[in-house]
Amino acid sequence: LDQQEQVRTAPVKTGVWTILVERAAAYRIELRRWPIEADTEIAAGLPPYSAVDGMYVAGKALPIARARLKVGSFNQTVPVTATDKAISFTVNLPAGAADLQTWFMDANGKLLTGAPYVSVARL
């Protein structure tokens, strides 16, 4: 998901980022559906938005009940509540290349969309 229209319309897809872990350590990986400055819950929608580069369509609300993160050998799914704006995972990563993939799913485990906003911080 690399364009605001896709972020807002939430197509049913996910993708893989190849990352380079420079130092073996514990990392906090945070998944968001909306940018941090939107201060909006993961499952909530957003109103249309007029920006300097045009009009953004309304952001679609989704019945997100679970978030999944797979990075290297780490693979975990956790519940998402109605008030969650981000989901954080603590992951021990070895140095080197790794694939990172995210999922937001409904209560039955069906893929709804991937997390378009991911932040990583070394702990």
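Look up: the structure comes first, before these words.
Below you will find a few notes about this structure.

Basis of the calculations
Residues numbered from 1 in each chain as written. Predicted model: local features only at pLDDT ≥ 70, side-chain atom pairs only at ≥ 80, totals over all residues. Heavy atoms only, no water. Helix = DSSP H or I, 4+ residues; strand = E, 2+ residues; numbered from the N terminus. Rg over C-alpha atoms; globule rule 2.2 N^0.38 Å. Contact = heavy atoms within 4.5 Å. Lys, Arg positive; Asp, Glu negative; His and termini not counted. Charge placed at Lys NZ, Arg CZ, Asp CG, Glu CD. Pairing = 2+ DSSP bridges. Axes fitted to C-alpha atoms, helices over the stretch in contact; angles between N-to-C directions. 1 Å grid on protein atoms, 1.4 Å probe; cavity = no way out; pocket = protein on both sides within 12 Å on 5 of 7 lines; lining within 4 Å. Points joined across faces, edges and corners; volume = space filled by probe spheres on them.

1. Thoughts on the overall build of the chain
Check the secondary structure of the chain and you find one helix and 10 strands. Taking 14 Å as the expected radius of gyration for a compact globule of 123 residues, we find that the chain reaches 15 Å, a close match to that expectation. Dimensions along the principal axes, computed over C-alpha positions, put the chain at roughly 40 × 35 × 25 Å. Taking the intrachain contacts of the chain between residues at least 6 apart in sequence as the baseline, contacts between residues at least 24 apart amount to 70%. The average position of the 13 basic charges and that of the 11 acidic charges among the side chains of the chain differ by 6 Å.

2. Some points on the sheet that holds strand β7 (residues 87-93)
Reading across the sheet, the three strands line up as β7-β2-β10 and stay open at both edges, with antiparallel pairing between neighbours. Each edge of the open sheet carries a strand with a single partner, namely β7 and β10 (117-122). The sheet shows a mean angle of 25 degrees between the axes of neighbouring strands, taken without regard to direction. The pairing of strand β2 (residues 25-32) with β7 spans seven bridges and is classified as antiparallel. Bridge assignment links A25 to a residue of β7, and that residue is L93.

3. Structural notes on the layout of surface pockets
Each pocket or cavity is described by its volume, and for the largest pocket that value is around 200 Å³. The wall of the largest pocket is formed by Q4, R8, W34, P35, E37, A38, L46, P47, P48, Y49 and Y56.

4. Here we look at the environment of Y49
With respect to the element layout, Y49 can be found in strand β3 (residues 49-51). The sequence separation of Y49 and T83 amounts to 34 residues, and the corresponding C-alpha distance is 22 Å. With residues near it in sequence (within four places) discarded, Y49 still touches R8, G54, M55 and Y56.

These values are about where atoms sit, not about what they do.
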